[in-house]
Amino acid sequence: EFLDDLIDRFDPTWLNYGIEITEILSHDIDAWTEVVGFCAAVHDSLERRHPDLPMLVSATSKHPDSAQSAVVAARIQDLWPYFDVLGISTYPYVFFGLGAQGGDPTNLPADWLSQAVAMSGGRPIALAETGWIAEDLVVAEYDLDVAGTAQWQADFVGSLLSEAEALDAEFVTWYSVADFDSLWATALGESSLAAVWRDTGLYDGDLEARPALGVWDSWLQRDLR
(Lines give C-alpha, C1' and ligand atoms only; values in the text may rest on other atoms or scores of the structure.)
Protein backbone atom coordinates (compact mmCIF):
# COMPACT_ATOMS: atom_id res chain seq x y z
CA GLU A 1 0.00 0.00 0.00
CA PHE A 2 2.87 2.38 0.76
CA LEU A 3 4.43 1.90 -2.67
CA ASP A 4 1.04 2.08 -4.37
CA ASP A 5 0.53 5.45 -2.70
CA LEU A 6 3.92 6.72 -3.90
CA ILE A 7 3.21 5.54 -7.44
CA ASP A 8 -0.16 7.27 -7.45
CA ARG A 9 1.35 10.50 -6.12
CA PHE A 10 4.45 10.77 -8.28
CA ASP A 11 3.70 8.73 -11.41
CA PRO A 12 7.36 7.59 -11.64
CA THR A 13 9.16 6.47 -14.78
CA TRP A 14 10.98 3.78 -12.77
CA LEU A 15 10.54 2.38 -9.25
CA ASN A 16 13.42 1.13 -7.08
CA TYR A 17 11.70 -0.97 -4.44
CA GLY A 18 14.88 -2.60 -3.08
CA ILE A 19 17.53 0.06 -2.46
CA GLU A 20 21.05 -1.38 -2.02
CA ILE A 21 19.42 -4.72 -1.36
CA THR A 22 22.67 -6.66 -1.81
CA GLU A 23 24.15 -5.11 1.36
CA ILE A 24 22.49 -7.92 3.30
CA LEU A 25 25.03 -10.27 1.71
CA SER A 26 27.83 -8.49 3.57
CA HIS A 27 26.04 -8.36 6.91
CA ASP A 28 23.70 -11.35 7.19
CA ILE A 29 24.03 -13.69 4.22
CA ASP A 30 21.80 -16.26 5.91
CA ALA A 31 18.89 -13.83 5.53
CA TRP A 32 19.23 -13.79 1.74
CA THR A 33 16.49 -16.39 1.29
CA GLU A 34 14.09 -14.06 3.08
CA VAL A 35 15.20 -11.19 0.84
CA VAL A 36 14.42 -13.24 -2.25
CA GLY A 37 10.99 -14.06 -0.87
CA PHE A 38 10.39 -10.39 -0.09
CA CYS A 39 11.29 -9.38 -3.64
CA ALA A 40 9.09 -12.05 -5.15
CA ALA A 41 6.09 -10.92 -3.12
CA VAL A 42 6.57 -7.17 -3.65
CA HIS A 43 7.44 -7.41 -7.35
CA ASP A 44 4.60 -9.73 -8.27
CA SER A 45 2.06 -7.72 -6.32
CA LEU A 46 3.13 -4.41 -7.86
CA GLU A 47 3.39 -5.84 -11.35
CA ARG A 48 -0.24 -6.93 -11.27
CA ARG A 49 -1.37 -3.39 -10.45
CA HIS A 50 1.27 -1.45 -12.42
CA PRO A 51 2.22 -3.67 -15.37
CA ASP A 52 3.85 -0.86 -17.38
CA LEU A 53 6.10 0.45 -14.60
CA PRO A 54 9.72 -0.78 -14.84
CA MET A 55 10.89 -1.97 -11.45
CA LEU A 56 14.41 -1.96 -10.03
CA VAL A 57 16.41 -3.29 -7.18
CA SER A 58 19.84 -1.76 -6.65
CA ALA A 59 23.12 -3.48 -5.90
CA THR A 60 26.07 -1.88 -4.15
CA SER A 61 29.18 -1.91 -6.32
CA LYS A 62 32.58 -2.93 -4.93
CA HIS A 63 35.93 -3.45 -6.65
CA PRO A 64 35.33 -5.96 -9.47
CA ASP A 65 38.17 -8.19 -8.22
CA SER A 66 36.88 -8.32 -4.64
CA ALA A 67 35.30 -11.26 -2.89
CA GLN A 68 32.25 -9.08 -2.20
CA SER A 69 31.65 -8.52 -5.91
CA ALA A 70 31.93 -12.25 -6.55
CA VAL A 71 29.28 -12.99 -3.94
CA VAL A 72 26.92 -10.34 -5.29
CA ALA A 73 27.38 -11.57 -8.87
CA ALA A 74 26.52 -15.12 -7.80
CA ARG A 75 23.55 -14.36 -5.59
CA ILE A 76 21.91 -11.52 -7.55
CA GLN A 77 20.81 -14.16 -10.04
CA ASP A 78 18.18 -15.21 -7.50
CA LEU A 79 16.51 -11.82 -8.07
CA TRP A 80 16.56 -11.80 -11.88
CA PRO A 81 12.84 -12.66 -12.13
CA TYR A 82 11.99 -9.73 -9.87
CA PHE A 83 13.46 -6.66 -11.56
CA ASP A 84 13.33 -5.09 -15.01
CA VAL A 85 16.37 -2.84 -14.52
CA LEU A 86 19.34 -3.40 -12.23
CA GLY A 87 20.24 -0.26 -10.31
CA ILE A 88 23.85 0.29 -9.31
CA SER A 89 24.88 2.20 -6.20
CA THR A 90 28.55 3.07 -6.56
CA TYR A 91 30.98 5.31 -4.68
CA PRO A 92 34.32 3.90 -5.80
CA TYR A 93 36.50 6.54 -4.12
CA VAL A 94 35.72 4.93 -0.77
CA PHE A 95 34.27 1.45 -1.33
CA PHE A 96 36.75 0.06 -3.87
CA GLY A 97 39.61 -0.23 -1.41
CA LEU A 98 41.90 2.01 -3.45
CA GLY A 99 43.40 3.60 -0.34
CA ALA A 100 45.24 6.89 -0.82
CA GLN A 101 44.70 6.62 -4.59
CA GLY A 102 40.94 6.53 -4.17
CA GLY A 103 40.41 10.17 -5.04
CA ASP A 104 41.97 9.97 -8.50
CA PRO A 105 39.50 8.31 -10.90
CA THR A 106 42.27 7.29 -13.31
CA ASN A 107 43.07 4.54 -10.80
CA LEU A 108 39.70 2.85 -11.33
CA PRO A 109 39.84 -0.60 -12.97
CA ALA A 110 38.64 -0.71 -16.56
CA ASP A 111 35.57 -2.77 -15.62
CA TRP A 112 34.59 -0.72 -12.57
CA LEU A 113 31.10 -0.16 -14.00
CA SER A 114 30.78 -2.72 -16.78
CA GLN A 115 30.91 -5.50 -14.16
CA ALA A 116 27.24 -4.66 -13.60
CA VAL A 117 26.29 -5.99 -17.03
CA ALA A 118 26.99 -9.59 -16.02
CA MET A 119 25.05 -9.08 -12.79
CA SER A 120 21.96 -7.83 -14.62
CA GLY A 121 21.20 -11.05 -16.46
CA GLY A 122 20.66 -9.27 -19.76
CA ARG A 123 18.47 -6.57 -18.29
CA PRO A 124 19.30 -2.85 -18.60
CA ILE A 125 21.32 -1.18 -15.88
CA ALA A 126 20.95 2.26 -14.30
CA LEU A 127 23.10 4.35 -11.98
CA ALA A 128 20.65 4.52 -9.12
CA GLU A 129 23.07 6.63 -7.07
CA THR A 130 26.68 7.69 -7.34
CA GLY A 131 29.05 10.48 -6.40
CA TRP A 132 32.69 11.53 -6.00
CA ILE A 133 34.48 13.66 -3.45
CA ALA A 134 35.76 17.10 -4.40
CA GLU A 135 37.68 17.59 -1.15
CA ASP A 136 39.90 15.40 1.01
CA LEU A 137 38.04 12.71 2.91
CA VAL A 138 39.43 12.07 6.38
CA VAL A 139 37.39 9.95 8.79
CA ALA A 140 39.47 8.55 11.64
CA GLU A 141 36.71 6.18 12.80
CA TYR A 142 36.91 4.30 9.49
CA ASP A 143 40.64 4.83 8.97
CA LEU A 144 39.90 6.84 5.82
CA ASP A 145 42.35 9.33 4.37
CA VAL A 146 41.52 9.86 0.69
CA ALA A 147 42.72 12.86 -1.30
CA GLY A 148 40.06 14.66 -3.30
CA THR A 149 40.00 17.63 -5.67
CA ALA A 150 37.34 19.41 -7.68
CA GLN A 151 39.17 18.50 -10.89
CA TRP A 152 39.23 14.80 -10.05
CA GLN A 153 35.50 15.00 -9.38
CA ALA A 154 34.97 16.59 -12.80
CA ASP A 155 37.11 13.88 -14.40
CA PHE A 156 34.98 11.22 -12.74
CA VAL A 157 31.75 12.79 -13.98
CA GLY A 158 33.05 12.74 -17.53
CA SER A 159 34.20 9.14 -17.24
CA LEU A 160 30.98 8.09 -15.52
CA LEU A 161 28.68 9.55 -18.14
CA SER A 162 30.77 8.27 -21.03
CA GLU A 163 30.74 4.76 -19.56
CA ALA A 164 27.03 4.95 -18.81
CA GLU A 165 26.36 5.90 -22.43
CA ALA A 166 28.51 3.05 -23.70
CA LEU A 167 26.58 0.61 -21.52
CA ASP A 168 23.24 2.12 -22.59
CA ALA A 169 22.28 2.86 -18.98
CA GLU A 170 18.69 3.89 -18.39
CA PHE A 171 19.62 6.88 -16.24
CA VAL A 172 22.27 8.35 -13.92
CA THR A 173 21.47 9.85 -10.51
CA TRP A 174 24.07 12.00 -8.74
CA TYR A 175 23.39 11.46 -5.06
CA SER A 176 24.23 14.83 -3.54
CA VAL A 177 23.66 17.97 -5.61
CA ALA A 178 25.37 20.22 -3.06
CA ASP A 179 27.74 19.66 -0.15
CA PHE A 180 25.75 19.38 3.07
CA ASP A 181 28.28 20.88 5.52
CA SER A 182 25.65 22.76 7.52
CA LEU A 183 23.34 19.75 7.78
CA TRP A 184 26.28 17.56 8.78
CA ALA A 185 27.34 19.97 11.53
CA THR A 186 23.82 20.31 12.93
CA ALA A 187 21.09 17.73 12.40
CA LEU A 188 23.51 14.95 11.48
CA GLY A 189 25.63 15.55 14.54
CA GLU A 190 28.93 15.44 12.60
CA SER A 191 28.28 11.78 11.83
CA SER A 192 31.36 9.89 10.65
CA LEU A 193 29.23 7.90 8.23
CA ALA A 194 27.60 10.97 6.69
CA ALA A 195 31.04 12.53 6.23
CA VAL A 196 31.74 9.94 3.54
CA TRP A 197 29.30 11.78 1.22
CA ARG A 198 29.42 15.30 2.68
CA ASP A 199 31.74 16.81 0.06
CA THR A 200 30.42 15.16 -3.11
CA GLY A 201 28.21 18.01 -4.32
CA LEU A 202 28.31 19.50 -7.79
CA TYR A 203 28.00 22.69 -5.76
CA ASP A 204 30.20 23.29 -2.72
CA GLY A 205 28.90 24.15 0.75
CA ASP A 206 28.50 27.80 -0.23
CA LEU A 207 26.51 26.78 -3.33
CA GLU A 208 29.34 27.76 -5.66
CA ALA A 209 29.38 25.59 -8.79
CA ARG A 210 32.26 23.15 -9.17
CA PRO A 211 33.83 22.19 -12.53
CA ALA A 212 31.93 18.91 -12.41
CA LEU A 213 28.65 20.78 -12.82
CA GLY A 214 29.81 22.10 -16.18
CA VAL A 215 30.59 18.56 -17.33
CA TRP A 216 27.21 17.35 -16.09
CA ASP A 217 25.36 20.20 -17.80
CA SER A 218 27.17 19.63 -21.09
CA TRP A 219 25.85 16.07 -21.12
CA LEU A 220 22.34 17.24 -20.29
CA GLN A 221 22.40 19.38 -23.41
CA ARG A 222 23.25 16.44 -25.66
CA ASP A 223 20.69 14.54 -27.67
CA LEU A 224 21.22 10.99 -26.40
CA ARG A 225 18.20 9.40 -28.02
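In what follows, the structure referred to is the one given above.
Being a predicted model, the structure only gives us computed values, none of them experimental.

*Asks:* Now, about the nonpolar core: what can you tell me, with residues and values included?
*Replies:* In this structure, Cys39, Val57, Leu79, Leu86, Tyr93, Leu137 and Trp174 are the most contacted members of the largest nonpolar core, which totals 60 residues. At seven residues, the largest contribution of residues to this core is made by helix H3 (residues 32–49). When sequence neighbours within four positions are dropped, the list of residues in contact with Leu86 reads Val57, Ala59, Ile76, Ala116, Met119, Ser120, Pro124, Ile125 and Ala126.

*Asks:* Hey, could you go over the pairing of strand S3 (residues 85–90) for me, with residue numbers and the actual values?
*Replies:* Here S3 lies mainly inside the structure; six of its six residues are buried. Burial along S3 is two-sided: Val85, Gly87 and Ser89 and Leu86, Ile88 and Thr90, pointing in opposite directions, are all buried. Note that strand S2 (residues 55–60) and S3 share five bridges and pair parallel. Among the inter-strand pairings, Val57 is bridged to a residue of S3, identified as Leu86. Read as a crossover between parallel neighbours, the route from S2 over helix H4 (residues 67–75) to S3 is right-handed.

*Asks:* Describe the packing of helix H7 (residues 150–166) against helix H10 (residues 211–220), with residues and values.
*Replies:* Put simply, H7 and H10 touch, their axes get as near as 7 Å, and they point 20° apart. The orientation of H7 relative to H10 falls into the category roughly parallel. Judged by the twist between their axes, the crossing of H7 over H10 is right-handed. Along the contact surface, H7 presents Ala150, Gln153, Ala154, Val157, Gly158, Leu161, Ser162 and Glu165, while H10 presents Pro211, Ala212, Val215, Trp216 and Trp219.

*Asks:* Describe the sheet that holds strand S7 (residues 172–174), naming the residues involved and giving the relevant values.
*Replies:* Strand order in the open sheet formed by five strands is S1-S2-S3-S4-S7, and the pairing between neighbours is parallel. One side of each edge strand has no neighbouring strand; the edge strands of this open sheet are strand S1 (15–18) and S7. Each strand axis lies, on average, 30° off the axis of its neighbour in the sheet, ignoring direction. Each of strand S4 (125–130) and S7 is contacted by H7, which is oriented at about 160° to S7, the strand it contacts most.

*Asks:* Go over the side chain of Lys62 with me, naming the residues and quoting the values.
*Replies:* Topologically, Lys62 is positioned in the loop between S2 and H4. Apart from residues lying up to four places away in sequence, Lys62 is in contact with Glu23, Gln68, Ser69, Phe95, Phe96 and Gln115.

*Asks:* Hey, could you go over the environment of Ser66 for me, with residue numbers and the actual values?
*Replies:* With respect to the helices, strands and loops of the structure, Ser66 is situated in the loop between S2 and H4. Between the alpha carbons of Ser66 and His27 there is a distance of 16 Å; along the sequence they are 39 residues apart. Among the polar contacts made by the side chain of Ser66, one reaches the main-chain carbonyl oxygen of His63 at a distance of 2.7 Å.

*Asks:* Explain empty space enclosed by the protein to me, and be specific about the residues and the numbers.
*Replies:* One pass over the structure, following the stated rule, counts one cavity of 30 Å³ or more. By volume, the largest cavity amounts to about 40 Å³. Along the walls of the largest cavity sit Ala59, Thr60, Ser61, Ile88, Trp112, Leu113, Gln115, Ala116 and Met119, which together make up its complete lining. For the lining of the largest cavity, the secondary-structure elements that each account for two or more residues are S2 and helix H6 (115–119). If you tally residues by element for the lining of the largest cavity, the top one is H6, at three residues. Looking at the lining of the largest cavity residue by residue, the classes come out as six nonpolar, three polar and no charged.

*Asks:* So, the pairing of S4: which residues are in play, and what are the values?
*Replies:* By the criterion of burial, S4 is predominantly enclosed, with six of the six residues buried. Of the strand pairs in this sheet, S3 and S4 are connected by five bridges, and their pairing is parallel. Of the residues in S4, the one forming a bridge with Ser89 is Glu129. Here S4 pairs with S7 via two bridges, running parallel. In the sheet register, Leu127 faces S7, and the bridge partner there is Val172.

*Asks:* Residues and numbers for the layout of surface pockets, please.
*Replies:* Roughly 160 Å³ of internal volume is contained in the second largest pocket. Along its surface, the second largest pocket is lined by Glu20, Glu23, Thr60, Ser61, Lys62, Ser89, Thr90, Tyr91, Phe95, Glu129, Tyr175 and Trp197. Its residues assigned to classes, the lining of the second largest pocket shows four nonpolar, four polar and four charged.

*Asks:* So, H7: which residues are in play, and what are the values?
*Replies:* The end-to-end C-alpha separation of H7 is 25 Å, in line with the 24 Å expected for 17 residues at 1.5 Å each. For H7, the full list of buried residues reads Gln153, Ala154, Phe156, Val157, Leu160, Leu161, Glu163 and Ala164. In this fold, the buried residues of H7 make contact with helix H5 (92–95), S4, S7 and H10. Asp168 sits one or two positions beyond H7 and adopts a positive phi of about 55°.

Rules used throughout
- Residues numbered from 1 in each chain as written.
- Predicted model: local features only at pLDDT ≥ 70, side-chain atom pairs only at ≥ 80, totals over all residues.
- Heavy atoms only, no water.
- Core = buried A, V, L, I, M, F, W, Y, C linked by side-chain atoms within 4.5 Å.
- Buried < 20%, exposed > 50% of the residue type's maximum accessible area, 1.4 Å probe, protein only.
- Helix = DSSP H or I, 4+ residues; strand = E, 2+ residues; numbered from the N terminus.
- Contact = heavy atoms within 4.5 Å.
- Pairing = 2+ DSSP bridges.
- Right-handed = clockwise from strand over helix to strand, strands pointing away.
- Axes fitted to C-alpha atoms, helices over the stretch in contact; angles between N-to-C directions.
- Parallel < 35°, antiparallel > 145°, perpendicular 65-115°, else oblique.
- Left-handed = near helix turned anticlockwise from the far one by under 90°.
- Polar contact = N/O pair within 3.5 Å; in protein donor to acceptor, adjacent residues only side chain to side chain.
- 1 Å grid on protein atoms, 1.4 Å probe; cavity = no way out; pocket = protein on both sides within 12 Å on 5 of 7 lines; lining within 4 Å.
- Points joined across faces, edges and corners; volume = space filled by probe spheres on them.
- Nonpolar A, V, L, I, M, F, W, Y, C, P; charged D, E, K, R; others polar.
- Expected span 1.5 Å × (residues − 1).

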